[in-house]
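Residue-level listing of the chains:
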Amino acid sequence: MPYAEALALQRSLVEDRRAGRIDDMLLLVEHPHVLTLGVRGDGGRSHILVTPEALASRRVEVHETGRGGDITYHGPGQIVGYPIIDLKPDRCDVHRYVRDLEDVLIRTAAAYGVVGERVAGLTGVWVGREKLAAIGVRIARWITSHGFAFNVSTDLEYFNLIVPCGIADRGVTSLEQLLGRTVDRQEVEQHIVANVGDVFAYEHLDNYVASH
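Position numbers for residues start from 1 in each chain and track the written sequence from start to end. In keeping with the model being predicted, local features are shown solely for residues with a pLDDT of at least 70 and side-chain atom pairs are shown and tallied solely at 80 or more, while totals for entire chains, interfaces and linings include all residues. Excluded from the side-chain calculation are hydrogens and water; included are all heavy atoms of the structure.

1. Some thoughts on the environment of I143
Now for step 1: A run of H or I in DSSP becomes a helix once it reaches four residues, and a run of E becomes a strand once it reaches two; helices and strands are each numbered from the N terminus. Its place among the elements puts I143 in strand β9 (residues 143-151).
Now for step 2: Sequence spacing of I143 and A194 is 51 residues, and the spatial spacing of their C-alpha atoms is 21 Å.
Now for step 3: Throughout, a contact is declared for two residues whenever any of their heavy atoms are within 4.5 Å. Leaving out residues up to four positions away in the same chain, I143 has contacts with V14, R17, R18, I84, I85, D86, K88 and R138.

So, in structure tokens, the structure goes:
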């Protein structure tokens, strides 16, 4: 799904959730090559390491997002998750919400024998000094949007176009790079869905539809 389309869909669903027209939702998508900017400072534009012409030649778009965090890359082989969740009345804690998303992704990595960890002062899930999953959220009147990006079979060369999340002294990895084998995307999505159900204490998850 093109990034702009996913952004418009999220905004519409946030309003639907606020009005009570829908229940909590989790969107799992895959984007074409795109760099997304956060809301701090210049959003991370200064962390783009190549010219606009070089980006265009590789068909990499650049989009402002409205989420927290710095610049990151999304592309094929990456599972991007957008939870549309009403945190009221008993989960109105931004830090807890981010930690809960990290917990979902740590559990997902653990299903493959990969030990993902938190790093003090940094968001996301790390394996050693490399980031396996990035998190950047928006919470407006306690309705969430944006979310996380979990690298499954991502072409990590694209992260060389930027300083990922503005962190120059750490790298990026993927599940397939860590395991040295191919991984079924739909299986990873199913682990994510199950872990969202466990961490956020949903009694049941209906209508799971794979993104294929």
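We are not done yet, so read on.
2. Here we look at unusual backbone geometry
Now for step 1: With omega at 0°, the peptide bond leading from K88 into P89 counts as cis.
Now for step 2: When you line up the elements, P89 lands in the loop between β5 (78-84) and α3 (94-110).
Now for step 3: The phi dihedral of R59 is positive, around 60°, even though this residue is not glycine.
Now for step 4: On the secondary structure map, R59 appears in the loop between α2 (52-57) and β3 (61-64).
Now for step 5: Its relative accessible area of 73% is what places R59 among the exposed residues. Exposure is judged per residue with a 1.4 Å probe applied to protein chains only, and the accessible area is read against the type maximum: over 50% gives exposed, under 20% gives buried, and values in between give partly exposed.

3. Regarding helix α5 (residues 185-199)
Now for step 1: Helix span, expected: 1.5 Å multiplied by one less than the number of residues in the helix. The terminal C-alpha atoms of α5, which comprises 15 residues, lie 21 Å apart, in line with the 21 Å expected from a rise of 1.5 Å per residue.
Now for step 2: Buried residues of α5: R185, V188, E189, I192, V193, N195, V196, G197 and V199, and no others.
Now for step 3: Directly beyond the C-terminal end of α5, a positive phi value near 60° is found at A201.

4. Here we look at the pattern of salt bridges
Now for step 1: When a carboxyl oxygen of Asp or Glu lies within 4 Å of a side-chain nitrogen of Lys or Arg, that pair is called a salt bridge. As enumerated under the stated definition, the model contains 13 salt bridges in all.
Now for step 2: Two residues, R91 and D100, come together in a salt bridge whose shortest N-O distance is 2.5 Å. The exposure classification of R91 matches that of D100, with both residues buried.
Now for step 3: The partner of D169 in a salt bridge is R129, with the nearest N and O atoms 3.5 Å apart.

5. Here we look at the sheet that holds strand β2 (residues 34-37)
Now for step 1: Two strands form a pair only when DSSP identifies at least two bridges running between them. The mixed open sheet is built from 3 strands, whose spatial order is β3-β2-β4. Among the strands making up the open sheet, the edge pair consists of β3 and β4 (72-74). Within the sheet, the average angular offset between the axes of one strand and its neighbour, ignoring direction, is 30°.
Now for step 2: The sheet contact formed by β2 and β3 spans 4 bridges and is parallel. Paired with V34 across the bridge in β3 is E61.
Now for step 3: Axis angles are defined between N-to-C directions and span 0 to 180 degrees, where every axis is a line fitted to C-alpha atoms and, for a helix, only to the segment in contact. The strands touched by helix α1 (residues 3-18) within the sheet are β2, β3 and β4, with β3 carrying the most contacts at an inclination of about 20°.

6. Quick notes on the side chain of D100
Now for step 1: Tracing the chain through its elements places D100 in helix α3.
Now for step 2: Residue class for D100 comes out buried when judged on its relative accessible area of 13%.
Now for step 3: Apart from the residues within four sequence positions on either side, D100 is in contact with R91, V199 and F200.

7. Re the packing of α3 against α5
Now for step 1: Between α3 and α5, the shortest axis-to-axis distance is 9 Å and the interhelical angle comes to 135°. If you check the angle between α3 and α5, you find them oblique. Helix-helix and strand crossings are classified by hand; for α3 and α5 the assignment is right-handed. Along the contact surface, α3 presents D100, D103, V104, R107 and T108, while α5 presents V188, H191, I192, N195, V196, D198 and V199.
Now for step 2: Polar here means any residue other than Ala, Val, Leu, Ile, Met, Phe, Trp, Tyr, Cys and Pro, which are nonpolar, and Asp, Glu, Lys and Arg, which are charged; Gly is therefore polar. Of the residues assigned to the contact of α3 with α5, the class counts are 5 nonpolar, 3 polar and 4 charged. Orientation is classified from the angle alone, with under 35 degrees giving roughly parallel, over 145 giving roughly antiparallel, 65 to 115 giving roughly perpendicular, and any other angle giving oblique. Put simply, a crossing is left-handed when the front helix is turned counterclockwise from the back one by less than a right angle, and right-handed when it is turned clockwise.

8. Things to note about the packing of aromatic side chains
Now for step 1: The pairing test for Phe, Tyr and Trp rings, Trp by its six-membered ring, is centres within 6.5 Å, and the orientation test on the planes gives stacked under 30 degrees, edge-to-face over 60, and tilted for anything in between. Inspection of the entire model under this criterion finds 4 aromatic pairs.
Now for step 2: Among the aromatic residues, ring-to-ring pairing joins Y73, Y158 and F159 into one connected group.
Now for step 3: Criterion for a charge above a ring: Arg CZ or Lys NZ at most 6 Å from the ring centre, at most 35 degrees from the ring normal. Directly above the aromatic system of Y158 lies the positively charged group of R58, at a separation of 4.6 Å from the ring centroid.
Now for step 4: Sitting above the plane of the W126 ring, R170 keeps its charged end 5.0 Å from the centroid.

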